[in-house]
Amino acid sequence: MTAITHHTPDAMLAAYSSGNLPQPYALVVAAHISLCQECRAALEAHHVVGGAVLDTVGEEELSEGFKTNVLALLDTPVVPEVTYQRSGVFPGPVMEALKGKPPRWKSLGLGVRQSILRDECDGSVRLLHIPPGQAVPDHSHNGLELTLVLQGSFSDDTGRFGVGDLEIADQELEHTPIADKGAPCICLAATDAPLRFNALIPRLLQPLFRI
Amino acid sequence: MSTLFVWVWIKNSSMQNKWHVWEQYRAISVGLFPEYWFFGLTHGDGEELLVEHPRPLPLMVHKLRRDADQPKGMDEPNLFRTNNDLTFIWLRSDVMLIESVEIRPAKRRPVPGSRKDRKLVTPPPREYSEQTTWMLAVRDKRDRVAFVALFDYFAPRLKGFFMRSGTSNGQAEEIVQDVLLTVWRKAALFDPHRAQVSAWIYQIARNRHIDMIRKERRPVPEELREDPDTEPDASQILAVEQEAGILNKAIAKLKPEQRAIIEKAYLGELTHQEISTQTGLPLGTIKSRIRLGLERLRHDLKDMR
């Protein structure tokens, strides 16, 4: 495996650590951290800062009986939470979003397929399957787009992105990612706004495919 | 600038936990920060070390560069390498500078490589913090007394933390209860080699808080589980604690405005755009300073990849 060269920016890790990253991005960041020990170490560093804030932010008096209540609950049996492990190329957080099932791919034409994991008012996140040599239609973004490579690789004007690499594209970036030769490229992509396609046909299809 | 000599001590397993002088280094540059001293060190053979000296805690040694073709001696520590001179990389935790810095004229410096100055010593006694001791007792022995101690320390702080981020009194206690029960139930996931107790609880607190507000689970990275047979590595655990201690002090020394920004950010009140445009937020410093978990992670992940 080649080394991960495109990482989660620090401000985004801080926002993720403090829980202030919209859910679609948080999924991509959690998936990236599952693959990237450097970002995991950096995230844990942010937790340390958070812990320092927790240590020093000040105490509030607890209401009477609160402690007794909590201690009485220690032995209450609980159903353990289901945790999802990596399966194939999909890291745990993606498996969780897939609820443990394989992705349901829908064709977008030209061999490109997608599987929408979440599409809500705070943005959307999907898996994309792009055959080797195939371009994702030329597009720019209304908002911020995070793309994490899970299999294969793609290249665009800003560089080459292999497994584990995270690309961050904002409104300024107009790019045409092309899947490299070899295995089909599978990506996890999150946006906080619909993508804008530059060619007419994809733009007409856009509402249909929710891309 | 005065010449500084720094002794690096290493623990040699073949000598039953004894420490001996590994090498003496001459400081080539010293940066004085309010809370730390940074030493650039040279050994005369192309090797450079950077040492951070958070008094009165033990010194940690950082390696910046090492000549690739230099043969590794039996008793040399296994060091990290980086091509980026500005990145601080933590050494293996069994390399620790535990003796003080001495200032004396350069001509009295022993010949580099001479090991005459090597002698056996016993490291000073060191102990885990109260929080780590309690947490390990909860994890390994399901110790209720230790849990009560953790409760007494963290419950009022957690309540303060949630109320600062605008949660009502009743709801704050509801989350505090949830967080502390999670601490009890998921204690097995606490790995003191990677996380200091406050940091671990902070992360649980943020997760539970958000899950409750959003009514859906926040995506979290896959857990790395410690091999249950792993022998505790005291020096690594202490190094993690020390790191957090340094950071706490560094935060305490910040200007009030900067502290306020840090608090806002880690209470979850700033978006990532706001964080990235905050010039007062010393995130770069934090990131470069805390690389402690990295080697541990490399070690843990070796088998997973």
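Residues numbered from 1 in each chain as written. Chains lettered and ligands numbered in written order. Predicted model: local features only at pLDDT ≥ 70, side-chain atom pairs only at ≥ 80, totals over all residues. Heavy atoms only, no water.

### Some points on the overall build of chain A
Point 1. For chain A, the count of helices and strands is six helices and eleven strands.
Point 2. Taking all 211 residues of chain A together, 53% fall into the buried category.
Point 3. Intrachain contacts of chain A at a sequence separation of at least 6 include 65% that bridge at least 24 residues.
Point 4. Total accessible area on chain A stands at roughly 9200 Å², and carbon and sulfur atoms take up 56% of it. (Helix = DSSP H or I, 4+ residues; strand = E, 2+ residues; numbered from the N terminus. Buried < 20%, exposed > 50% of the residue type's maximum accessible area, 1.4 Å probe, protein only. Contact = heavy atoms within 4.5 Å. Areas by Shrake-Rupley, 256 points an atom, 1.4 Å probe, with all protein chains shown as cover.)

### Observations regarding the overall build of chain B
Point 1. A tally of regular secondary structure across chain B gives nine helices and nine strands.
Point 2. Here chain B holds 305 residues, and the buried ones make up 51% of them.
Point 3. In chain B, of all internal contacts separated by at least 6 residues, the share reaching a separation of at least 24 is 59%.
Point 4. For chain B, the accessible area works out to roughly 14700 Å², and carbon and sulfur atoms hold 52% of it.

### A few points about the sheet that holds strand β6 (residues 154-156) of chain A
Residue and element names in this part refer to chain A.
Point 1. Spatially, the three strands line up as an open sheet ordered β7-β6-β9, and their pairing is antiparallel. In the strand order of this sheet, the two ends are held by β7 (159-161) and β9 (178-179), each with one partner.
Point 2. Pairing geometry for β6 and β7, over three bridges, is antiparallel. Opposite S155, over in β7, you have R160 as the bridge partner. (Pairing = 2+ DSSP bridges.)

### A short note on the confidence of the model for chain B
Close inspection of predicted coordinates is inappropriate in any region flagged by low pLDDT.
All names here are of chain B.
Point 1. Here chain B averages 62 in pLDDT, while 48% of its residues score no lower than 70.
Point 2. Per-element averaging of pLDDT across chain B places strand β6 (residues 89-90) at the bottom with 25 and helix α2 (residues 144-164) at the top with 95.
Point 3. For residues 1-125, every residue scores under 50 in pLDDT, and the model assigns this stretch 282 contacts once sequence neighbours within four places are set aside.
Point 4. Every residue in residues 293-305 scores below 50 in pLDDT, and together they form 31 contacts with partners more than four places removed in sequence or on other chains.
Point 5. Scored as a complex, the prediction yields pTM 0.70 and ipTM 0.86. (pLDDT = per-residue confidence, 0-100.)

### Remarks on helix α1 (residues 10-17) of chain A
Residue and element names in this part refer to chain A.
Point 1. Counting buried positions along α1 yields eight of eight residues, so the element is predominantly enclosed.
Point 2. Those residues of α1 not exposed but buried are D10, A11, M12, L13, A14, A15, Y16 and S17.
Point 3. Once α1 ends, the next one or two residues include G19, with phi positive near 80 degrees.

### As for the pattern of salt bridges
Point 1. On inspection of all chains with the given rule, the structure shows 15 salt bridges over all chains.
Point 2. Here R144 of chain B ties to D75 of chain A by a salt bridge, and the two come within 2.4 Å at their closest N and O atoms. In this pair, R144 of chain B sits in helix α2 while D75 of chain A sits in the loop between α4 (66-72) and α5 (92-97), so the two residues belong to two different chains.
Point 3. Assessed through its relative accessible area of 37%, R144 of chain B is described here as partly exposed.
Point 4. Taking the relative accessible area as the measure of exposure, D75 of chain A reaches 55% and is therefore exposed. (Salt bridge = Lys/Arg side-chain N within 4 Å of Asp/Glu carboxyl O.)

### What about the interface of chain B and chain A?
Point 1. Tallying the contact residues gives 69 residues for chain B and 65 residues for chain A.
Point 2. Contact between chain B and chain A buries roughly 6400 Å² in total, counting both sides, with carbon and sulfur atoms accounting for 59%.
Point 3. Here chain B is connected to chain A by eight salt bridges.
Point 4. With a shortest N-O distance of 2.5 Å, R194 of chain B and E44 of chain A are connected by a salt bridge. (Buried area = accessible area lost by both parts, 1.4 Å probe.)

### Section: the pairing of strand β10 (residues 185-191) of chain A
Residues and elements named next belong to chain A.
Point 1. Most of β10 is tucked away: seven of the seven residues are buried.
Point 2. Of the two faces of β10, the one holding C185, C187, A189 and T191 and the one holding I186, L188 and A190 are both buried throughout.
Point 3. Where strand β3 (residues 123-130) meets β10, seven bridges bridge the pair, whose relative direction is antiparallel. In the strand pairing of β10, L127 is matched with L188.
Point 4. Taken together, the six bridges between strand β5 (residues 145-151) and β10 define a ladder with antiparallel strand orientation. Directly across from L146, in β10, lies its bridge partner A190.

### Focus on the nonpolar core
As a rule of thumb, soluble globular proteins bury nonpolar side chains together.
Point 1. Judged by nonpolar contacts, the single largest core of 89 residues is most densely connected at L188 of chain A together with F154, L158, F162, V179, W200 and I201 of chain B.
Point 2. The leading source of residues in this core is α2 of chain B, at ten residues.
Point 3. The contact partners of F154 of chain B, leaving out residues within four places of it in the chain, are L54 and D55 of chain A together with Q131, L180, V197, S198 and I201 of chain B.
Point 4. Listed in part, the twelve residues of the second largest apolar core include L108, I130, F154 and A179 of chain A. (Core = buried A, V, L, I, M, F, W, Y, C linked by side-chain atoms within 4.5 Å.)

### Considerations on helix α3 (residues 169-185) of chain B
Point 1. A rise of 1.5 Å per residue sets the reference length of α3 of chain B, with its 17 residues, at 24 Å; its end C-alpha atoms lie 24 Å apart and thus fit the reference within 8%.
Point 2. Along α3 of chain B, the residues classified as buried are A172, E173, I175, V176, V179, L180, L181, T182, V183 and W184 of chain B.
Point 3. Where α3 of chain B is buried, its residues touch α4 of chain A together with α1 (130-141), α2 and α4 (197-214) of chain B. (Expected span 1.5 Å × (residues − 1).)

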